[in-house]
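As a plain string of letters, each chain reads:
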Amino acid sequence: MRPKRLELEGFASFRERAEVDFGEASLFVLTGPTGAGKSSLVDAITFALYGCVARYQDKRLVAPVVTQGQLEARVRLDFSIGQEDFTAVRVVRKNKDGGATTSEARLEQGSRVLAGSESELSQRVEELIGLSFEHFTKCVVLPQGEFAQFLRDKPKDRQALLVRLLDIGVYGRMAHLAHARHKRAAEKADLNSDRLKQDFARATPAARREARQRAADLEKLSREVERAQPELVALAEKVRVTTQRVKEIESHLSRLRQLKPPAGLDQVAERLTQLEALEDEQRQQLEEVLAQAAQLEARFEELPDQVELAQLQKAWNDHANLSERLVGEEGEAKVAEQALAAQQKVLKLAQERLQVAERELERLKDAHAAAHLAGRLEVGAACPVCAQPVKRLPEIEKPRNLEEAEQEKKEARLSLQSAQANQEKAKGRLGVVKTQRDRTQEQFSKLEEQLSGQPSLKEVHRKLEEWAAGEADLKKSREREKRIREAENRLRAQKTDLKSELAKARKSFHTARDALIALEPPAVEEAGPAEAWARLLEWSERQIPLLEQSAREARQGAKNVHQRRDELEEKLREACRQAGLQPGDRLLMTVCTEALTNARGSLQRIEQDLKRARQLRAEIKSLRDEATVAREMARLLGSRGFERWYLNRALRQLIAGASQILLELSSSQYSLTLDEKGSDFLVVDHTNADERRLARTLSGGETFLASLSLALALSEHVAGLSARGAARLEAIFLDEGFGMLDPDTLEIVATAIEALGSQGRMVGLITHVSELARRIPVRYEVRKDAQTSSVRKVLQ
């Protein structure tokens, strides 16, 4: 798998859309400050392919990939496998409860859609690449930092790390599963043994022979009962017929004895005749009332329309009201004019008062000024007014206080303002009164024009009184009509009731006669109900003795047939009791059939139980064998010796692969091996007479090369373990271990990485070390501001 283009939005720190075009780059670096989002780009590649991120403990957890404050994250990865190009897209959307779901997931190859759901996409990617998610994260994002620790750890700690990296714990899980399988198989075998003892204890050949004999005996009894069935059926039918005959005769006798005509049939007919006479009388009265009502309605046609009269009456009343209102409003207008004239006089007086106050104030101010100047004059000095020498001092009386004059002016001004306001109110009131008077005058004039030539109010009253008198007379006529019709309805209801009684009497007669039709009663179609009932009663008295004699003869015949049937049935019931059956009151054929069916069912169940018992014995043996194999496998896989043996073998294969890679990365200077005990790593220095020394003595750069070799070896080892054959890996990412390297070591590491990139595989570095980043031909600078992370491609 080789990534070609990555597009992400709302993913981790990439709030806004970002795009990374890997193109045909064989060696590149993702660089930028810590926390800028470099590792998030690798997480996005993994998420696009497998739908999860290695840093999260729970593979089902997808909500953290969505940028905080966003509702949706979208990732698209264009990648190639060999010469074929593919596109994987996943969209994650948050839900209301704080979680998230993958709302869109698809895998495309050109215009073809290879997968259209989340599970289909993950499964299809695993098939194409040949790696599961766990293997992919170990083969593509190399944990060389862990292998640096791996080189220096004690054998015990190194073993635990190797178990985790190689996923050797699967054998422990296999042992646990084998133990669980042993337990399940043993428990199921014990359960089947208990079931064999409890449920199938009676399934024996002897029980089968007994059941066969029982079925044969019951089959013989069933044939005997079946042969007797025709005679029993014939006797039962004869019993039914004779018994039915007795019931019919007794039923006829009961009906004849219960014959009774309805009471009062003659009185009902007489009452009906009386009601018909009353009905004729009421019909005549109704015709008289209707004629009177028609005459009253004709009188209304000669009178003017009642609605128009009412409207005319209202107009005359409105005319009187408007005339009276007009007189009042004329008075109000005169009062308003007088009030306005009075306010005008008050206003004039206020104006005169203000003028007097202002003149007095000016006079006092001049007097005060003169007194002030006079107080400063000196005889012989120049007068400040006329500039002439003062010959003598004037005698000036001191004027009164200015404050009193100013207060007087202020009060005069307030009186003037009040008078002006009152004058305006009087004007407004006069305008309102005149407007209302003019409106009333206009309404009065229109109404006078409408009433011109119309009848007077007195004439209108007279016509309305004629209407009222006619309506009262018509109302009385209608009430009388109503009473006559109600009486007529009551008579009609009484007639209906009487006719109903006669109909019921005739119906009861026909019902009683029809119930006796088998005895051929007399025909009385032309007679009335009373006469018909009399003839029927006379005929019934003659029939009762004859029917009583027929009933006695029928009862004796039924008794003889019933006795013959009981004797035959008792003989068969005794045969059933001897066969162990308890027929009771049930049909013998049903009892025998059920017993035979049960016997055959018991025989069938015994045969099935015998067959199932044989199967259970075979199943118990198979389960015992399975439990034994599983117990032995659990014992072997759970042994510490097996794990130690497997780890030692895996470690040697890992060292052999890493040693070959280290030779290539170090230009044939170093290789790896184990000491004689197989517990410590040794480095072989081929440029120094193949000197061997402990791996923990390596320098920083040498340690990095050794750990990188181990990581690459693990990658190839895991890829080789893929269940789908050799994995198709064309890219690796190195995401740790560069920050602690010194300049000299960094030079060694850079040279090794450049050599690694020239082997045809895409190599991507993730680092914030600028010295290393500048050595790589293609650089992707990752930056993060207050809102989002961004990526910029830089070519050296």
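Please refer to the structure placed before this passage.
Below: a short report on this structure. For every chain, the first residue of its written sequence is number 1, and the numbers climb from 1 along that sequence. Only residues with pLDDT of 70 or above have their local features reported here, since the model is predicted, and side-chain atom pairs are shown and tallied only from 80 upward, although totals for entire chains, interfaces and linings are computed over all residues. Side-chain descriptors were evaluated using all non-hydrogen atoms of the structure, hydrogens and water having been removed beforehand.

A short note on the overall build of the protein chain
Logical step 1: In this description a helix means any DSSP run of H or I spanning at least four residues, a strand means any run of E spanning at least two, and both kinds are numbered starting from the N terminus. Across its full length, the protein chain carries 17 helices and 15 strands.
Logical step 2: Burial classification: accessible surface area is computed with a 1.4 Å probe over protein chains only, and a residue below 20% of its type maximum counts as buried, one above 50% as exposed, and the rest as partly exposed. Within the span of the protein chain, comprising 796 residues, buried residues form 39% of the whole.
Logical step 3: Counting only contacts in the protein chain whose residues sit at least 6 apart along the sequence, the fraction spanning at least 24 positions is 69%. In what follows, residue pairs with any heavy atoms lying within 4.5 Å of each other are defined as contacts.

Remarks on the pattern of salt bridges
Logical step 1: Salt bridges are counted wherever a side-chain nitrogen of Lys or Arg sits within 4 Å of a carboxyl oxygen of Asp or Glu. The tally for this structure, following the rule as stated, stands at 31 salt bridges.
Logical step 2: Arg106 is paired through a salt bridge with Glu104; the nearest N and O atoms lie 2.0 Å apart.
Logical step 3: Across the salt bridge formed by Arg429 and Glu332, the nearest N and O atoms sit 4.0 Å from each other. Note that Arg429 is positioned in helix H10 (residues 402-451) and Glu332 in helix H9 (residues 306-374), a separation of 97 residues in sequence.
Logical step 4: Beyond isolated ion pairs, a larger network of salt bridges with shared partners links Arg5, Glu7, Arg17, Glu19, Arg74, Arg76 and Asp78.

Remarks on the packing of helix H7 (residues 205-257) against helix H13 (residues 588-637)
Logical step 1: Axis lines are fitted through C-alpha atoms, for helices just across the contact stretch, and the angle between N-to-C directions can take any value from 0 to 180 degrees. At their nearest, the axes of H7 and H13 sit 9 Å apart, and the two run at 160° to each other. As far as their axial angle goes, H13 and H7 are roughly antiparallel. The element H7 and its partner H13 pack so that their crossing is left-handed. Should an angle lie under 35 degrees it is considered roughly parallel, over 145 roughly antiparallel, and from 65 to 115 roughly perpendicular; all remaining angles are considered oblique. Two helices that cross are described as forming a left-handed crossing if the nearer one is turned anticlockwise from the farther one by less than a right angle, and a right-handed crossing if clockwise.

A short note on the pairing of strand S14 (residues 778-784)
Logical step 1: Counting buried residues in S14 gives five out of seven residues, a clear majority hidden from the surface.
Logical step 2: Strands were regarded as paired on the criterion that DSSP finds at least two bridges between them. Here strand S3 (residues 27-31) runs beside S14; their pairing, made up of four bridges, is parallel. Bridge pairing links Val29 to Arg779 in S14.
Logical step 3: Count of turn residues in the S14/strand S15 (residues 789-795) antiparallel hairpin: four residues.

Description of the sheet that holds strand S7 (residues 112-115)
Logical step 1: Pairing within the open sheet is antiparallel, and its six strands lie in the order S2-S1-S4-S5-S6-S7. Both outer strands of the open sheet, strand S2 (18-21) and S7, are each paired with one neighbouring strand and no more. Averaged over all neighbouring strand pairs, the angle between strand axes comes to 20°, with direction disregarded.
Logical step 2: Looking at chain direction, strand S1 (residues 2-9) and strand S4 (residues 72-81) are connected through seven bridges and run antiparallel. When the sheet's bridge partners are listed, Glu9 is paired in S4 with Arg74.
Logical step 3: Contacts between helix H1 (residues 38-50) and the sheet are confined to S1, S2, S4 and strand S5 (84-94), with S4 contributing the most and set at about 80° to the helix.
Logical step 4: Against the sheet, helix H2 (residues 118-129) contacts S4, S5, strand S6 (100-109) and S7, and its axis sits at roughly 45° relative to S6.

Concerning the environment of Lys154
Logical step 1: Tracing the chain through its elements places Lys154 in the loop between helix H4 (144-152) and helix H5 (155-165).
Logical step 2: Overall, Lys154 belongs to the exposed group, its relative accessible area being 61%.
Logical step 3: Note: C-alpha distance between Lys154 and Ser679 (525 residues apart in sequence) is 8.3 Å.

Some points on the packing of aromatic side chains
Logical step 1: Working definition: a ring pair exists when centres of Phe, Tyr or Trp rings (six-membered ring for Trp) sit within 6.5 Å. Plane angles under 30 degrees give stacked, over 60 give edge-to-face, the rest tilted. The final tally for this structure, using the stated rule, is seven aromatic pairs.
Logical step 2: Ring geometry for Phe11 and Phe47: centres 5.8 Å apart, planes at 50°, overall tilted. In this pair, Phe11 is assigned in the loop between S1 and S2 and Phe47 in helix H1, connecting sequence segments 36 residues apart. Residues Phe11 and Phe47 agree in their burial class; the two are buried.
Logical step 3: An angle of 90° between the planes, with centres 5.7 Å apart, marks the rings of Phe28 and Tyr780 as edge-to-face. Highlighted residues: Phe28 in strand S3 and Tyr780 in strand S14, separated in sequence by 752 residues.
Logical step 4: Exposure remark for Phe28: the relative accessible area of 0% places this residue in the buried category.
Logical step 5: A connected cluster of aromatic rings, assembled from ring pairs, spans Phe22, Phe28, Phe733 and Tyr780.

Observations regarding unusual backbone geometry
Logical step 1: Residue Ala12 is not a glycine yet carries a positive backbone phi of 50°.
Logical step 2: For Ala12, the position within the fold is in the loop between S1 and S2.
Logical step 3: The class for Ala12 is partly exposed, based on a relative accessible area of 25%.

Notes on the sheet that holds strand S11 (residues 691-694)
Logical step 1: Across the sheet, which stays open at both edges, the three strands sit in the order S9-S10-S11 with antiparallel pairing between neighbours. Here the strands that pair on one side only, and so sit at the sheet edges, are strand S9 (670-674) and S11. Going across the sheet, the axis of each strand differs from the next one's by a mean of 35°, ignoring polarity.
Logical step 2: Of the pairings in the sheet, the one linking strand S10 (residues 681-685) to S11 comprises four bridges and is antiparallel in character. From the neighbouring strand, Leu682 faces S11, where its bridge partner is Leu694.

Some thoughts on empty space enclosed by the protein
To locate leftover empty space, one rolls a probe as large as a water molecule over the atoms.
Logical step 1: Here a cavity means grid points, on a 1 Å grid over the protein atoms only, where a 1.4 Å probe fits yet cannot get out; a pocket means an open set of points with protein on both sides within 12 Å along at least five of seven lines; lining residues are those with an atom within 4 Å of a point. Grid points are joined across faces, edges and corners, and a volume is the space filled by probe spheres set on the points. Here the structure, examined in full by the defined rule, presents one cavity of 30 Å³ or more.
Logical step 2: In this structure, the largest cavity encloses a volume near 40 Å³.
Logical step 3: If you go around the largest cavity, the residues you meet are Leu662, Tyr670, Val683, Leu698, Glu702, Leu705 and Ala706.
Logical step 4: If one sorts the elements of the lining of the largest cavity by residue count, helix H15 (residues 700-720) sits on top with three residues.

Re H10
Logical step 1: Helix span, as expected, comes to 1.5 Å for every residue beyond the first. With 50 residues, H10 should reach 74 Å at 1.5 Å per residue; the first-to-last C-alpha distance of 73 Å fits that figure.
Logical step 2: Positioned one or two residues after H10, Gly453 has a phi angle of 85°, which is positive.

Examining the environment of Val91
Logical step 1: Within the secondary structure, Val91 is located in strand S5.
Logical step 2: A relative accessible area of 3% means that Val91 is categorised as buried.
Logical step 3: Apart from residues no more than four positions distant in its own chain, Val91 is found in contact with Glu72, Ala73, Arg74, Thr101, Thr102, Ser103 and Glu104.

With respect to the nonpolar core
Logical step 1: Residues belong to one nonpolar core when they are buried, are Ala, Val, Leu, Ile, Met, Phe, Trp, Tyr or Cys, and are joined through side-chain atoms within 4.5 Å. Ranked by size, the top nonpolar core spans 54 residues in total, and within it Leu6, Leu49 and Leu107 carry the most contacts.
Logical step 2: The contact partners of Leu6, leaving out residues within four places of it in the chain, are Ala18, Glu19, Val20, Phe22, Leu41, Ala44, Ile45, Val75, Arg76 and Leu77.
Logical step 3: Membership of the second largest hydrophobic core comes to 35 residues, among which are Leu651, Phe681, Leu705 and Val763.

Some thoughts on the pairing of S9
Logical step 1: In terms of burial, S9 is largely enclosed, as four of its five residues are buried.
Logical step 2: Of the pairings in the sheet, the one linking S9 to S10 comprises five bridges and is antiparallel in character. In the sheet register, Ser671 faces S10, and the bridge partner there is Val684.

That is the geometry; function is a separate question.
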